[in-house]
2 protein chains.
Amino acid sequence: MKAENRIQEAFGRAVRKARTVAGISQEELAARADLHRTYIGDIERGERNVSLLNMSKIAEALKVKFSLLVRQTEKNMSKAGASKKE
Amino acid sequence: MKAENRIQEAFGRAVRKARTVAGISQEELAARADLHRTYIGDIERGERNVSLLNMSKIAEALKVKFSLLVRQTEKNMSKAGASKKE
């Protein structure tokens, strides 16, 4: 997998996890963050190279710290790296 | 200040600080991250809405964790908020 896909996918999984924990739909997250629902879907599937501003809007809408989303992204990347070695 | 400028400036200051700690020039950082020197200058001045991929390239080039840059960004934002109250 290309490096850009790896981090995008890791970020997407972090968003999906935080959204699930928050118990809200993609639509609700999109509404709160003032973004489009399909854009949230794209992000969660790792298909978007999200900007600083949109990442911070998403974190705010999920009521988590931006740095927490990024830490989760790093964890997801190291997990992905680990599973590749198997 | 507009919210987008606040976070971009806070991120820019986090990058500048980490670069100074690393003891490298904007040119050296740009070369390591495979980005343009003027783009690094723009980022440090808070003039760019940097993408996930470029943030992660910059963190890697600075040999710091991406989440550390974001934590520093959050600290810079709360400092900026605090100084506004004065």
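Quick note: structure is the one above.
Residues numbered from 1 in each chain as written. Chains lettered and ligands numbered in written order. Predicted model: local features only at pLDDT ≥ 70, side-chain atom pairs only at ≥ 80, totals over all residues. Heavy atoms only, no water.

A.B. asks: Looking at this model, I keep getting lost on the relation of the copies chain A and chain B. Mind explaining?
C.D. replies: Here two copies of a chain appear, and what relates them is a rotation about an axis with a shift along it. Here chain A sits on chain B after a turn of 180 degrees about the axis and a move of 0.0 Å along it, with an RMSD of 0.0 Å. Seen this way, the second copy is the image of the first under a two-fold rotation axis. Of every C-alpha in chain A, the one belonging to Ser-51 of chain A sits nearest the axis of rotation, 2.0 Å from it. Interface residue correspondence from chain A to chain B reaches 100%, placing this contact among same-surface, isologous pairings. (Least-squares fit on C-alpha atoms with pLDDT ≥ 70 in both. Contact = heavy atoms within 4.5 Å.)

A.B. asks: What exactly am I supposed to notice about the packing of helix H2 (residues 26-33) of chain A against helix H3 (residues 37-44) of chain A here?
C.D. replies: Angle between the axes and distance between the axes: these two values describe a pair of packed helices. Residues and elements named next belong to chain A. Interhelical geometry of H2 versus H3 gives an angle of 110 degrees and a closest axis separation of 8 Å. The orientation of H2 relative to H3 falls into the category roughly perpendicular. Considering how the two elements wind past one another, H2 and H3 form a crossing that is right-handed. Contact residues: H2 offers Gln-26, Glu-27, Leu-29 and Ala-30, while H3 offers Arg-37, Ile-40, Gly-41 and Glu-44. Here the contact of H2 with H3 is composed, by residue class, of three nonpolar, two polar and three charged. (Axes fitted to C-alpha atoms, helices over the stretch in contact; angles between N-to-C directions. Helix = DSSP H or I, 4+ residues; strand = E, 2+ residues; numbered from the N terminus. Parallel < 35°, antiparallel > 145°, perpendicular 65-115°, else oblique. Left-handed = near helix turned anticlockwise from the far one by under 90°. Nonpolar A, V, L, I, M, F, W, Y, C, P; charged D, E, K, R; others polar.)

A.B. asks: Help me understand helix H3 (residues 37-44) of chain B in this model?
C.D. replies: Because the α-helix completes a turn every 3.6 residues, residues three or four places apart line up on one side. All names here are of chain B. In terms of residue burial, H3 counts as a mostly covered element, since six of its eight residues are buried. Of the residues making up H3, those classed as buried are Tyr-39, Ile-40, Gly-41, Asp-42, Ile-43 and Glu-44. One or two steps after H3, the chain reaches Gly-46, where phi turns positive at roughly 75 degrees. (Buried < 20%, exposed > 50% of the residue type's maximum accessible area, 1.4 Å probe, protein only.)

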